[in-house]
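Coordinate analysis (summary)
Given next are the chains, with one letter for each unit.
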Amino acid sequence: MAPLLTSGLFRSDRYHFFSVLDSTNQQAARLAQEGAEPGTVVVADHQTGGRGRLGRPWSSPKGLHLYCSVVLRPAIPPRDAAQLTLVSGLAVAHTLAGIGVEDVEIKWPNDLLLKGRKVAGILTEMRTDPTRIQYVIVGIGLNVNGTETDFPEELRDKATTLADSLRTTLDRPWLLAKMLAQLDHWYGRFDREGFGPLGQEWLAFSRLLGQPVRVNMAADHFSGQALALDTEGCLLVRRANGMLTRVVAGDVTRLGEG
Ligand code: BTN
């Protein structure tokens, strides 16, 4: 594996550890509003109001998993901020592959799956002026220890943990350090090169292309075939009627999966 380039984004004097928080994304946003530097990291052992995409709750029991949010202030237009979700997913995928987890899959745009079950999710939120980003918060929830029965009943057949896959309990600070090193590397590359060249790297963890998919967008839903990831990180899907749709935001599921 190629060596990780370090851009020095993360510094230990910008780490904030909590035993309990409403949500690390909320806390990171509060710190960002007070002027926190990019690379500020918020970690909690337990979240009472962990949030996922589309207002869904994120199961956040204490003592088991990683709940982590990072403050970024990228010099990119607001419309490109969603690319940070893909770049973060790539960093988490490399973290897992690097510790020996097999068959890591990224599901566009923000899920990491093992054998079809969700092991991590990413929630990217931002505050903008009319034309520029004030800050972006990237929140990562990674299911680390424990097993199926530690999840609420409705998630038991949908979620999984690293411990289940590796058959061992993992040290969360060790894992966090590995993940921050990967985030540092991939954010650095994104900063220098933009998303374009990272698309191929991202596709190495995706199983979408060429597959029949179901797309749920805010105002539309349809089935089609996933054709490509464009240079801005959007998914190109051909509908049954031949029309090509560029999916900027939404849920995309391979047909035949839940
Ligand atoms: C999703 O898959 O819907 C995204 C889940 C993101 C969960 C993480 S846990 C750390 C951070 N704090 C939150 O409240 N949410 C994110």
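Residues numbered from 1 in each chain as written. Predicted model: local features only at pLDDT ≥ 70, side-chain atom pairs only at ≥ 80, totals over all residues. Heavy atoms only, no water.

Section: the sheet that holds strand β12 (residues 251-254)
An order of β11-β10-β9-β8-β12 is seen for the 5 strands of this open sheet, with the pairing classed as antiparallel. In this open sheet, the two strands that pair with only one neighbour each are β11 (244-247) and β12. Across this sheet, the average inter-strand angle for adjacent strands is 40°, counted without regard to direction. Relative to strand β9 (residues 220-229), strand β8 (residues 212-217) is paired through 6 bridges, and the arrangement is antiparallel. Opposite Asn216, over in β9, you have His221 as the bridge partner. (Pairing = 2+ DSSP bridges. Helix = DSSP H or I, 4+ residues; strand = E, 2+ residues; numbered from the N terminus. Axes fitted to C-alpha atoms, helices over the stretch in contact; angles between N-to-C directions.)

Regarding the domain arrangement of the chain
Along its sequence, the chain is carved into domain 1 (12-203) and domain 2 (212-254). Together domain 1 and domain 2 conceal approximately 1,000 Å² of surface at their shared face, both sides included; 51% is due to carbon and sulfur atoms. For Arg53, the salt bridge is made with Asp251, and the minimal N-O distance between the two is 3.0 Å. Run the count over domain 1 and domain 2 and you get 7 residue pairs in polar contact (both at pLDDT 80 or more). Every element with two or more residues in the side of domain 1 that touches domain 2 is listed here: α2 (83-98), β4 (104-107) and α5 (198-203). Take the side of domain 1 that touches domain 2: its biggest share by element is 3 residues, from α5. Residues belonging to the side of domain 1 that touches domain 2 are distributed by class as follows: 7 nonpolar, 3 polar and 5 charged. (Domains from an automatic or database assignment. Buried area = accessible area lost by both parts, 1.4 Å probe. Salt bridge = Lys/Arg side-chain N within 4 Å of Asp/Glu carboxyl O. Polar contact = N/O pair within 3.5 Å; in protein donor to acceptor, adjacent residues only side chain to side chain. Nonpolar A, V, L, I, M, F, W, Y, C, P; charged D, E, K, R; others polar.)

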